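The lines below spell out each chain.
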Amino acid sequence: MNFDRELDVKGLNCPLPILRTKKVLAEMAAGQVLRVLATDPGSVKDFQAFARQTGNELVSWNETSQVFEYFLKRK
């Protein structure tokens, strides 16, 4: 998937991945896509809730070798 920016929050635990994602998304234009890489297993529920609460779209996510990859589209 194409993305405009990437954020690596591997090794960080809740709430830091969400806080850093929120900061980066605020700097992006509407419609741009952010790729986030995380290792916190709890981040799956966190990113789903974050997308619902903020109106940003969680386009997709997957897990490979204990690394979670999220694609969020800025509202």
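Residues numbered from 1 in each chain as written. Predicted model: local features only at pLDDT ≥ 70, side-chain atom pairs only at ≥ 80, totals over all residues. Heavy atoms only, no water.

A. View of the nonpolar core. Grouped together as the largest cluster of nonpolar side chains are 16 residues, with contacts concentrated most on Leu 7, Val 9, Leu 34, Val 36, Phe 47 and Tyr 70. Mapped onto this core, the elements with two or more residues apiece are helix H1 (16–26), strand E2 (33–38), helix H2 (43–54) and strand E4 (67–73). Among residues more than four places away in sequence, those in contact with Val 36 are Leu 7, Val 9, Thr 21, Phe 47, Phe 68, Glu 69, Tyr 70 and Leu 72. (Core = buried A, V, L, I, M, F, W, Y, C linked by side-chain atoms within 4.5 Å. Buried < 20%, exposed > 50% of the residue type's maximum accessible area, 1.4 Å probe, protein only. Helix = DSSP H or I, 4+ residues; strand = E, 2+ residues; numbered from the N terminus. Contact = heavy atoms within 4.5 Å.)

B. Geometry of the sheet that holds strand E3 (residues 57–64). Pairing in this open sheet of four strands is mixed, and the strands run E1-E2-E4-E3 from one edge to the other. Of all the strands in the sheet, just strand E1 (5–8) and E3 have a single pairing partner and so form its edges. Within the sheet, the average angular offset between the axes of one strand and its neighbour, ignoring direction, is 15°. In this sheet, E4 lies alongside E2 in antiparallel orientation, the contact comprising six bridges. Across the sheet, Val 33 pairs through a bridge with Lys 73, a residue of E4. With respect to the sheet, H2 is in contact with E2, E3 and E4, its orientation differing from that of E4 by roughly 5°. (Pairing = 2+ DSSP bridges. Axes fitted to C-alpha atoms, helices over the stretch in contact; angles between N-to-C directions.)

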